[in-house]
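Chain and residue survey
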Amino acid sequence: MRKGRYYRSKRKIHLKPRFFIVLAAVLLVCLVVSSMVIGRHNIEKGAAAQEQIAGKMAEVSSSFQVPAAAGVLQMAVNEQKKAGGPRVDAELRAKMDEVKAKLAAGDTADLKVVFFSFDDGPSEHTGEILDMLKKYNIKATFFTNGREGPAMEEAYRRIVKEGHTLANHTWSHQYSLYNNPDAFYADVEKLDAYQKQVTGLKQTSHLFRFPGGSANANATCTRGIVNRGYNYVDWNVVCGDGTSNSLSVDQLTKNFIDGVHGHNVSTVLCHAEQKENTRKALDKTFKTLLKEGYTFLPMEYDMELPRQL
Ligand SMILES: [Zn+2]
């Protein structure tokens, strides 16, 4: 019995490895088959995921086509507006483009640039200002109003011919028009049409300055001006001639120079068209700043310049 039991138990022991071998074989087959199934599933899943990614990429690239097309269109618009911008030589053009790119990138730390601007002209003194600019080979920007007659027309033409920017400061310079936006826009367009008629330009510069600055206007008018294709510009340097009539030439000169020293990129507002002492301050101001290495540039439509509002 013991032997028999032993035999049986011995037989059981003998059966176990075979059972495990079969079990292992079955498991191995299952493993191979399942891994093949899973692998295939993964391949399919991978292919599906790849298809999904390709779809997304196509979606993204097609969504990029819209701004790209808009960008090309915007560039064409800018080029068209530049046609009304300052007529400058290749050297100044290169400098303007370099500064423009730096302004757009906010990378102005190493710049010493001055955008000098003359408001409220032309006047009987525009020729004197243009002579001073010519003496130092400086290009500036003239924000003009509606001034008629042969002498004024000649002043408009000289501003353009000598490479300065002829910009819009409204026909009538009336602050009250800010309360009547349609009349305000009509006043702007009246000067735009007149500037083209007098100078023969097909396009104006599309640079605009609000009478009294944008802070004196309102959000409706600033939005309206931008929607009509203008870039409006305020200033970050004044000499004080807008608020005082009693400043000496020395004080005005100091104000200009100190003001410019405070900025890497200065946008200077002055009223030399009307103020004699301001005109007298220009010579020393220009001489000093040029000697210090500042570059004077005319403004252009697609430059990012200071705004108050
Ligand atoms: Zn003004």
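Everything discussed here concerns the structure shown above.
As a convention, each chain's residues are numbered from 1 in the sequence order in which they are written. Totals for whole chains, interfaces and linings use all residues, but because this is a predicted model, local features are given only for residues with pLDDT of at least 70 and pairs of side-chain atoms are given and counted only at 80 or more. Hydrogens and water are ignored here; the side-chain numbers use all heavy atoms of the structure.

Observations regarding the side chain of His-169
With respect to the helices and strands, His-169 occurs in the loop between strand E3 (165-168) and helix H5 (181-199). In terms of polar contacts, His-169 uses its side chain to reach the backbone carbonyl oxygen of Arg-209, at 2.8 Å. We call two residues in contact whenever any of their non-hydrogen atoms come within 4.5 Å of each other. Discounting chain neighbours no more than four positions away, the residues touching His-169 are Asp-119, Asp-120, Phe-143, Thr-144, Asn-145, Leu-191, Phe-208, Arg-209, Phe-210 and Pro-211. The way it works is that DSSP assigns letters per residue, a run of H or I at least four long becomes a helix, a run of E at least two long becomes a strand, and they are numbered from the N terminus. Whenever a nitrogen or oxygen atom comes within 3.5 Å of another N or O atom, the pair is scored as a polar contact, on the condition that within protein one atom can donate a hydrogen and the other can accept it, and that pairs from neighbouring residues in sequence are kept only if both atoms are in side chains.

Digging into the pattern of salt bridges
In what follows, salt bridge is the name for a side-chain nitrogen of Lys or Arg lying within 4 Å of a carboxyl oxygen of Asp or Glu. Counted under the stated rule, the structure contains 17 salt bridges. Linking Arg-93 and Asp-97 is a salt bridge whose minimum nitrogen-to-oxygen distance equals 3.1 Å. Of this pair, Arg-93 and Asp-97 both sit in helix H2 (residues 90-105), four residues apart, which is roughly one turn of the helix. Accessible area is worked out with a 1.4 Å probe on protein chains only. A residue is then buried under 20% of its type maximum, exposed over 50%, and partly exposed in between. By relative accessible area, Asp-97 is classed as partly exposed at 34%. Linked by salt bridges that have partners in common, Arg-93, Asp-97, Lys-100, Glu-300 and Asp-302 make up one network.

With respect to the coordination of the zinc ion
Excluding water, the donors of a metal are its N, O and S neighbours within 2.8 Å, or within 3.2 Å for Na, K and Ca, and that exclusion means sites may look incomplete. Only Asp-120 (OD), His-169 (NE2) and His-173 (NE2) from the protein reach the zinc ion as donors, at distances of 2.1 Å. Counting residues between consecutive donors of the zinc ion along the chain gives the motif D-x48-H-x3-H. In this pair, Asp-120 sits in strand E1 (residues 113-121) while His-173 sits in the loop between E3 and H5, placing the two residues 53 residues apart along the sequence. Taking the relative accessible area as the measure of exposure, Asp-120 reaches 14% and is therefore buried. The partly exposed category is assigned to His-173, whose relative accessible area is 24%.

Observations regarding H5
The first and last C-alpha atoms of H5 sit 27 Å apart over 19 residues, in line with the 27 Å expected at 1.5 Å per residue. Considered for burial, the residues of H5 that qualify are Phe-184, Tyr-185, Asp-187, Val-188, Leu-191, Asp-192, Tyr-194, Gln-195, Val-198 and Thr-199. Those residues of H5 that are buried lie in contact with strand E2 (141-144), helix H4 (150-161), E3, strand E4 (207-208) and helix H6 (219-227). By definition here, a helix of n residues has an expected span of 1.5 Å times n minus one.

Focus on the state of the cysteines
Cysteine sulfurs are considered disulfide-paired once they come within 2.5 Å of each other. All told, the structure shown has zero disulfides when counted by the stated rule. For Cys-239, which is in no disulfide, the shortest distance to another cysteine sulfur is to Cys-270 and amounts to 5.9 Å.

The values are spatial; any link to function lies outside them.
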